[in-house]
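Listed below, chain by chain, are the residues.
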Amino acid sequence: APLGAKRCSRLLMPAQLQAQVRTELLRLACSEPCGLRGALLDLCVEHGKACHDVGHIAADPAVVPTFQLTLVLRLDSRLWPKIQGLFASGPAFAPLKLSTGFRVIKKKLYSSEQLLIEEC
């Protein structure tokens, strides 16, 4: 994952985080016309006050997207003092552990409804 200027890191995901994210994304998609197939997913990693864009996924490229989900993952804050130097120097692919906390921002692409922000 690209974190910072020309730096990449491997993100280590806690086992329970994957299940929590899957449950939340499916819950947010259930009211959409095409379900999860109509989603555009933006993945970001937050550290401090900065949010780094990691990637974009079209759940089903053959379906016209009806909503956008921005998944904001957080670095494990207990490790922050130990790793903050990795953003300025060190190996090209330093592993960073994610926290189990995250938030999802849902934006409907076919409606002018307000943004829905879920904090988990």
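None of these values were measured; they are calculated from a predicted model.

### Quick notes on the overall build of the chain
Here is step 1 of the chain: Secondary structure assignment for the chain yields two helices and six strands.
Here is step 2 of the chain: When its helices and strands are written in sequence order, the chain yields β-α-β-β-β-α-β-β.
Here is step 3 of the chain: Of the contacts formed within the chain by residues at least 6 apart in sequence, a portion of 67% connects residues at least 24 apart.
Here is step 4 of the chain: Summing over all exposed atoms, the chain offers an accessible surface of approximately 7,200 Å²; the carbon and sulfur share of this is 59%.

### Some words on the nonpolar core
Here is step 1 of the chain: Of all hydrophobic cores here, the largest spans 17 residues; its most connected members are Val21, Leu69, Leu71, Leu73, Phe102 and Val104.
Here is step 2 of the chain: Those residues within four positions of Leu73 in sequence are excluded, and the remaining contacts are Leu17, Val21, Leu43, Cys44, Val45, Glu46, Leu98 and Phe102.

### Some details on the pairing of strand β2 (residues 39-47)
Here is step 1 of the chain: Burial runs high along β2: seven of the nine residues are buried.
Here is step 2 of the chain: The sheet contact formed by β2 and strand β4 (residues 67-75) spans eight bridges and is parallel. Within β4, the residue paired with Glu46 across the bridge is Arg74.
Here is step 3 of the chain: Note that β2 and strand β3 (residues 50-58) share eight bridges and pair antiparallel. When the bridges of β3 are listed, Cys44 appears paired with Asp53.

### Describing the pattern of salt bridges
Here is step 1 of the chain: All told, the structure shown has six salt bridges when counted by the stated rule.
Here is step 2 of the chain: Of the charged contacts in the structure, one is a salt bridge between Glu46 and Arg74, with a shortest N-O distance of 3.3 Å. Within this pair, whereas Glu46 is found in strand β2, its partner Arg74 is found in strand β4, the two being separated by 28 residues in sequence. Exposure class is identical for Glu46 and Arg74. Each is buried.
Here is step 3 of the chain: Where Glu46 meets Arg103, a salt bridge forms, and the shortest distance between an N and an O atom there is 3.0 Å. Separated by 57 residues along the polypeptide, Glu46 in strand β2 and Arg103 in strand β5 (residues 93-108) bring together distant segments of the chain. For the pair Glu46 and Arg103, a shared accessibility class is recorded, and that class is buried.
Here is step 4 of the chain: Look at the salt bridges and you will find they share partners, linking Glu32, Lys106 and Lys108 into a network.

### A short note on the environment of Arg10
Here is step 1 of the chain: Its location among the elements puts Arg10 in strand β1 (residues 8-12).
Here is step 2 of the chain: Sequence separation between Arg10 and Lys97 is 87 residues; the distance between their C-alpha atoms is 8.5 Å.

Reading the values: the criteria
- Residues numbered from 1 in each chain as written.
- Predicted model: local features only at pLDDT ≥ 70, side-chain atom pairs only at ≥ 80, totals over all residues.
- Heavy atoms only, no water.
- Helix = DSSP H or I, 4+ residues; strand = E, 2+ residues; numbered from the N terminus.
- Contact = heavy atoms within 4.5 Å.
- Areas by Shrake-Rupley, 256 points an atom, 1.4 Å probe, with all protein chains shown as cover.
- Core = buried A, V, L, I, M, F, W, Y, C linked by side-chain atoms within 4.5 Å.
- Buried < 20%, exposed > 50% of the residue type's maximum accessible area, 1.4 Å probe, protein only.
- Pairing = 2+ DSSP bridges.
- Salt bridge = Lys/Arg side-chain N within 4 Å of Asp/Glu carboxyl O.

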